[in-house]
Each structure stands twice: as structure tokens, then as C-alpha cells.
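Structure at a glance
If you want the building blocks of each chain, they are given just below.
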Amino acid sequence: MNKFITLVVLALGLPSCGKWILEDRTDCPSFLFFDVEDGHDVRQMERVYITAAEYPEGKPLAADTTSLRALKDQSFSLAIKRREAVSGYGMVGFLRSHQEGPGRWVVNEGQNGDPIYHFSYQTSALDERETIPVRLRKSHSRITIRFFMFDAFPQGGGQFPFQVILRSHTCGLDMESGNPVQGSFRYTPPEERAGVFSVIVPRQADHSLTLELWARPGLYDQEGFVDEFSLWSLLSQIDGFSWELEDLPDLLLEIDYVQSRISLTISEWEEGATIDYEI
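The present account deals with the structure reproduced in this document. (Residues numbered from 1 in each chain as written. Predicted model: local features only at pLDDT ≥ 70, side-chain atom pairs only at ≥ 80, totals over all residues. Heavy atoms only, no water.)

1. Structural notes on the side chain of R82
Basically, it comes down to this: Secondary structure elements are defined from DSSP: runs of H or I of at least 4 residues count as helices, runs of E of at least 2 residues count as strands, and each element is numbered from the N terminus. Each residue is placed in one exposure class: buried if its accessible area under a 1.4 Å probe, protein chains only, is under 20% of its type's maximum, exposed if it is over 50%, and partly exposed if it falls in between. In this tally, Lys and Arg are treated as positive and Asp and Glu as negative; His is ignored, and so are the chain termini. Any carboxyl oxygen of Asp or Glu within 4 Å of a side-chain nitrogen of Lys or Arg constitutes a salt bridge here. Think of a polar contact as two N or O atoms within 3.5 Å of one another; within protein, one of them needs to be a possible hydrogen donor and the other a possible acceptor, and neighboring residues in sequence only count if both atoms come from side chains.
Inspection of the secondary structure assignment puts R82 in the loop between β4 (77-81) and β5 (83-92). The side chain of R82 sits in the buried core without any salt bridge; E128 is the nearest counter-charge, 4.7 Å away. Side-chain polar atoms of R82 contact the backbone oxygen of P29, separated by 3.4 Å. Of the polar contacts made by the side chain of R82, one reaches the backbone oxygen of L126; its length is 3.2 Å.

2. A short note on empty space enclosed by the protein
Worth spelling out the cut-off: A pocket here means an open set of points on a 1 Å grid, computed over the protein atoms alone, that has protein on both sides within 12 Å along at least five of seven lines. A cavity is instead a set of points where a 1.4 Å probe fits but cannot get out; residues with an atom within 4 Å of a point line either one. Grid points are joined across faces, edges and corners, and a volume is the space filled by probe spheres set on the points. Under the scheme applied, nonpolar residues are Ala, Val, Leu, Ile, Met, Phe, Trp, Tyr, Cys and Pro; charged residues are Asp, Glu, Lys and Arg; polar residues are all the others, including Gly.
According to the stated counting rule, one finds one cavity of 30 Å³ or more in the structure shown. In this model, the largest cavity occupies a volume close to 50 Å³. As for the largest cavity, its lining consists of S97, W105, V107, G113, D114, I116, C171, G172 and P202. Among the residues forming the lining of the largest cavity, the class breakdown is five nonpolar, three polar and one charged.

3. Some details on the sheet that holds β4
Stated precisely, the cut-off is as follows: Any two strands with at least two DSSP bridges between them are considered paired. Axes here refer to lines fitted to C-alpha atoms; in helices the fit is confined to the stretch in contact. Angles between the N-to-C directions go from 0 to 180 degrees.
Taken in spatial order, the three strands of this open sheet run β4-β1-β9, and their pairing is mixed. The open sheet has two edge strands with one neighbour each: β4 and β9 (129-134). Between one strand axis and the next, the sheet turns through 30° on average, direction left out of account. The sheet contact formed by strand β1 (residues 29-36) and β4 spans five bridges and is antiparallel.

4. Quick notes on the nonpolar core
Rules: By nonpolar core is meant a set of buried Ala, Val, Leu, Ile, Met, Phe, Trp, Tyr and Cys residues that side-chain atoms within 4.5 Å join together. Residue contacts are counted whenever heavy atoms from the two residues lie within 4.5 Å of one another.
Counting residues in each nonpolar core, the largest one holds 31 residues, and the members touching the most others are I145, V164, L211 and L253. Here L211 is in contact with I145, V164, I165, L166, D227, E228, F229, L231 and L253, once residues within four sequence places are set aside. Grouped together as the second largest cluster of nonpolar side chains are 21 residues, L32, F34, L78 and Y117 included.

5. Description of the pattern of salt bridges
For the structure on display, the rule yields nine salt bridges. With a shortest N-O distance of 3.3 Å, R96 and D114 are connected by a salt bridge. Highlighted residues: R96 in the loop between β5 and β6 (98-99) and D114 in the loop between β7 (104-106) and β8 (117-125), separated in sequence by 18 residues. Residue classification places R96 among the partly exposed residues on the basis of a relative accessible area of 30%. With a relative accessible area of 5%, D114 lands in the buried category. Residue R135 pairs with D247 through a salt bridge whose shortest N-O separation is 2.9 Å. Here D247 lies in the loop between α3 (231-235) and β17 (251-256) and R135 lies in the loop between β9 and β10 (137-138), a separation of 112 residues in the sequence. By relative accessible area, which is 33% here, R135 ends up partly exposed. Connected via shared salt-bridge partners are R135, E246 and D247.

6. Considerations on unusual backbone geometry
Most peptide bonds are trans, and most residues other than glycine sit at a negative phi. The step from Y55 to P56 runs through a cis peptide bond, and the omega angle for that step is 5°. As for its position among the elements, P56 is in the loop between β2 (47-54) and β3 (60-67). The phi dihedral of Q74 falls on the positive side, at around 60°, and the residue is not glycine. Tracing the chain through its elements places Q74 in the loop between α2 (68-72) and β4. Residue classification places Q74 among the partly exposed residues on the basis of a relative accessible area of 27%. Even without a glycine there, the phi angle at S260 is positive, about 55°. Take S260: it is sitting in the loop between β17 and β18 (261-266).

7. Some words on the sheet that holds β5
Read across the open sheet, the five strands follow the order β3-β2-β5-β8-β10; overall the sheet is antiparallel. Edge positions in the sheet fall to β3 and β10, since each of these pairs with one other strand and no more. One ladder, built from seven bridges, connects β2 with β3; its direction is antiparallel. Note on β3: the bridge partner recorded for I50 is D64.

8. What about the layout of surface pockets?
In this approach the atoms are scanned with a rolling probe the size of a water molecule, which exposes any empty space left behind. Roughly 260 Å³ of volume is contained in the largest pocket. Elements supplying a minimum of two residues to the lining of the largest pocket: β2 and β3. Grouping the amino acids of the lining of the largest pocket by side-chain chemistry returns eight nonpolar, four polar and three charged. Size it by volume and the second largest pocket reaches roughly 200 Å³. Lining the second largest pocket are 14 residues, with P180, R203, Q204, W243 and E244 sitting closest to its centre. Classifying every residue of the lining of the second largest pocket gives four nonpolar, six polar and four charged.

So, to be careful, I would describe these as geometric facts and stop short of saying anything about function.
Written as C-alpha cells, this is what we have:
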């Protein structure tokens, strides 16, 4: 009988993470599940990078790569030690970006940007299971550039006579904060169809985003720089636009040299979405 009592006492004293044991379970893990509640159409960008970190210190606790499908059917979680406050954050939309330092994802100079969506949420992690809502923020803008009446430049022989270059001082995004990462961005988009180009730019850190036109080799007696446009000079004239918007809109920039006008349209905005600017 004494041996039986001793065994029962020892069993009750063993640490356990089972719910039927009424004891201190702070050393047991908390499983973080990520609930996608966003409506953005990112089905073509399945890969998601996710990190759980101490809040507000920012020290990473766990990280992994999964798919949006796994998040939506609740088949993915991160296990961390229980604590008062934790931050769960992540990104989707990586195509060309690479990691440069802790949490900094950037593209090399000469590459197009990535269609990145970012999320971040702070919560407690004291229970066995915690849910982190995933509200994806569109952290990029796709800029379509359309030139009209370029047949006014006979040197082109019916072809668009310029190379288009986009430059800025922002080359990526910080995964934890969602803030822009400063660095040299330069991309020369190919001509998609006659006089139409497109480029993806990340959320910008400043007002440096610039479009340049350069003469195509062999079309002019003197090759080189032709013209330059500050996109912020145009965007700043539209009420409500900011690079800090939760979801960045796409932009349509139309340049007409014959009429000496530029038209900038912000996609899906109902008011204040278009300006005309004389050049």
C-alpha cells in the first residue's frame, strides 16, 4: 500500500502540459495559429514567411515558411514559450527579393520590385492556443506608364525612341515593422506593347521616386539623357495620397509630348484620382 501511495504522489508531481493536470503550465508551449481574413487576391503567391517575436523587444522566437492554403485551413502553427506579449508578422509575394540582414528583404539594383503584402499583429501567448488575425497590407504599387503620340519623334521610325528608367532610394521592406528599407532602386522595364511599360515599386521611404527617359542607342546623333519626371511632384497634388496608406493603390501615368501634358490616375479611387499636368 505504501508503494502504491508513493507512486501516485510521484505521478502527480511530474510536469505535464495536459489539460487534466491543474498546475503551473508556463513552461508548456503556446501554439500560434494565423487566421487569414483578408480579401486580397494573392492566390498566385502561395509562399508565406512568418515570424513570432517578443513584443516590444523584437527578438525572434520562431519562424517558418508555409502557404496561404495551410493558414486558411488552420493546418499551420508556430510553437513558442508562453509569454505576456508576442508579435506575429509575415509577408507574401516574394519573387526576386532576398534577405539582407535581420528581417530586411530587398531587391538588387536593376531588378523589378515584388508584389509584397505584409501583416503584423500583437497579442498575448498565455494559453495553449492563440489566434493571430492576418490582415494583408498591400505594400507595393504597380505603375503603368503609357506614352501617346510618340510618332512625333521621327528618329524612332515608328518605334518608341526612349528607354524608361525608374529610380528611388527604397529597395525593399522590413518584415517586422512593414517599413520601407532604404537603398538604391533602379529598373528599366521592357516595353510590353507600343509605348506601354510597367514597374512594381515597394512602399517608399521618401519622395525620391523618379522616371527618366534616355535616348535609345542609335536613334540620335548624341545618345543620353532626355527627360525626367518626379512622381512625387504629381502624387502630392492628389488629396489623400501617401506612401503610408494601409493599402497602396496602383498608378497609371500617361505622357503626351504632342499635347505637352501628363495625366496621373490612381486606380479605383473615386475622388481626386486624376490630375493633368503641363510639361
